[in-house]
Amino acid sequence: MRGGSTRAGRWAVAFIVALAACAVAPSARATEIKVLSAGAVKDIVTELSEAFHRETGHTVVLTTGTAGGIRQKVTAGDPVDVVIVTDTVLAQLATAGLVVDSKADVARTGIGVAVKEGAPKPDISTPDAFKQAILAAKSIVYVDPASGATSGIYFASVLQRLGIADAVKDKTVLWPGGFAAEAVAKGQADLCVHQISEILPVKGVTLVGPLPRDLQKITTYSAALSTRAATPTAARDFIAFVTRPSFKPRFAAAGLDYRE
């Protein structure tokens, strides 16, 4: 009996040890994923990074910036596992051998116009109406093209196209990066032109609407694996996670599933 009891005790101990090993296994395998992301998708990527951590135990270290800034960071060799940026920049990075030559589309957003909450909404329904709204505004704000911001570079070209770049130069606030609509909320500008996904999170402002179709620029943001990824398996899992179809409604609510 004593021998049988001893064997039973050993089996019980082994069983408990196995259970403990199973309990700690997920955290033992958990890793850190470095993600460089365009600011236009900052809020939703932050939200989904937290959900990914809860589901997998992996921690996402997120750094955001303009498309141009991200390109510079990746080109300079900054540590990164996943890059989420405009498909144009990803194509450039892929050509340079800095990200794998495949991508997963994450979001689409258009450029919109915002005013302070409670302020009259200007007519921006046509290119001419939009032009008149810009000329009538006491001050406008958009992201400084020199920062490498997609919307800033594009909107500067729109002003040239409309022939009013010089006319609005003295009343323009060039935002260094981030949410340009904050200038409107703070009373530093009357009208903001920025990507819709970066207008909606700002409290104290109202989205007037998207640019007229003839002036609109739709930007697709995609994710790709860095060729220098330190955690490629977890990084691929993260890309698969943020592109789940079940998250589409969240992207739409954040202005990141643009449809004309």
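In what follows, the structure referred to is the one given above.
These numbers were taken from a predicted model, which means no experiment stands behind them. (Residues numbered from 1 in each chain as written. Predicted model: local features only at pLDDT ≥ 70, side-chain atom pairs only at ≥ 80, totals over all residues. Heavy atoms only, no water.)

### A closer look at the pairing of strand β10 (residues 219-225)
Here is step 1: When you tally the buried positions in β10, you get 7 out of 7 residues, the bulk of the element.
Here is step 2: Burial along β10 is two-sided: Thr219, Tyr221, Ala223 and Leu225 and Thr220, Ser222 and Ala224, pointing in opposite directions, are all buried.
Here is step 3: With 5 bridges joining them, strand β3 (residues 82-86) and β10 adopt antiparallel strand pairing. Note on β10: the bridge partner recorded for Val82 is Leu225.
Here is step 4: Direction of pairing for strand β4 (residues 104-109) relative to β10: antiparallel, over a ladder of 5 bridges. Looking at β10, one finds that Asp105 is bridged to Ser222. (Buried < 20%, exposed > 50% of the residue type's maximum accessible area, 1.4 Å probe, protein only. Helix = DSSP H or I, 4+ residues; strand = E, 2+ residues; numbered from the N terminus. Pairing = 2+ DSSP bridges.)

### Focus: the environment of Thr64
Here is step 1: Relative to the assigned elements, Thr64 resides in strand β2 (residues 59-65).
Here is step 2: The spatial distance from the C-alpha of Thr64 to the C-alpha of Gly39 is 5.3 Å, given a sequence separation of 25 residues.

### So, the packing of helix α3 (residues 67-75) against helix α4 (residues 87-95)
Here is step 1: Direction vectors running N to C along α3 and α4 enclose 15 degrees, while the axes themselves pass 10 Å from each other. For the element pair α3 / α4, the angle class is roughly parallel. Both α3 and α4 take part in a crossing whose hand is right-handed. In this structure, α3 contributes Ala67, Arg71, Val74 and Thr75 to the contact, and α4 contributes Val89, Gln92 and Leu93. (Axes fitted to C-alpha atoms, helices over the stretch in contact; angles between N-to-C directions. Parallel < 35°, antiparallel > 145°, perpendicular 65-115°, else oblique. Left-handed = near helix turned anticlockwise from the far one by under 90°. Contact = heavy atoms within 4.5 Å.)

### Structural notes on the sheet that holds strand β6 (residues 140-143)
Here is step 1: Pairing within the open sheet is mixed, and its 5 strands lie in the order β7-β6-β8-β5-β9. What marks the edges here is a single partner per strand, and that holds for β7 (172-175) and β9 (205-210). The average undirected angle you get between the axes of adjacent strands in this sheet is 30 degrees.
Here is step 2: Here strand β5 (residues 111-116) runs beside strand β8 (residues 191-195); their pairing, made up of 5 bridges, is antiparallel. Within the sheet, the bridge partner assigned to Val115 lies in β8 and is Leu191.
Here is step 3: Seen against the sheet, helix α5 (residues 127-136) touches β5, β6 and β8 and runs at an angle of roughly 130 degrees to β8.
Here is step 4: The sheet strands contacting helix α6 (residues 150-162) are β5, β6 and β8, and the helix crosses β6 at an angle near 130 degrees.

### Let's talk about the sheet that holds β4
Here is step 1: Strand order across the open sheet formed by 5 strands is β2-β1-β3-β10-β4, with mixed pairing between neighbours. Either end of the sheet is taken by a strand with one partner, and the two such strands are β2 and β4. Within this sheet the neighbouring strands show an average axis-to-axis angle of 20 degrees, counted without direction.
Here is step 2: Sheet contacts for helix α9 (residues 232-242): β1 (32-38), β2, β3, β4 and β10; angle to β10, the most-contacted strand, approximately 155 degrees.

### Considerations on helix α2 (residues 42-56)
Here is step 1: Here α2 is 15 residues long and its end C-alpha atoms lie 21 Å apart, about the 21 Å a rise of 1.5 Å per residue gives.
Here is step 2: Among all positions of α2, only Ile44, Val45, Leu48, Ser49, Ala51 and Phe52 are buried.
Here is step 3: Check the buried side of α2 and you find it contacts β1, β2, β3, α9 and α10 (248-253).
Here is step 4: Positive phi appears at Gly57, one or two residues downstream of α2, with a value of about 90 degrees. (Expected span 1.5 Å × (residues − 1).)

### Quick notes on the environment of Arg244
Here is step 1: With respect to the helices, strands and loops of the structure, Arg244 is situated in the loop between α9 and α10.
Here is step 2: A relative accessible area of 32% means that Arg244 is categorised as partly exposed.
Here is step 3: Separated by 138 residues in sequence, Arg244 and Val106 place their C-alpha atoms 9.2 Å apart.

### A closer look at the environment of Val168
Here is step 1: Topologically, Val168 is positioned in helix α7 (residues 165-168).
Here is step 2: Taking the relative accessible area as the measure of exposure, Val168 reaches 1% and is therefore buried.
Here is step 3: As for Val168 and Lys138, which are separated by 30 residues in sequence, their C-alpha atoms are 9.3 Å apart.
Here is step 4: With residues up to four places along the chain from it excluded, the contact list for Val168 reads Ile134, Leu135, Ile140 and Leu159.

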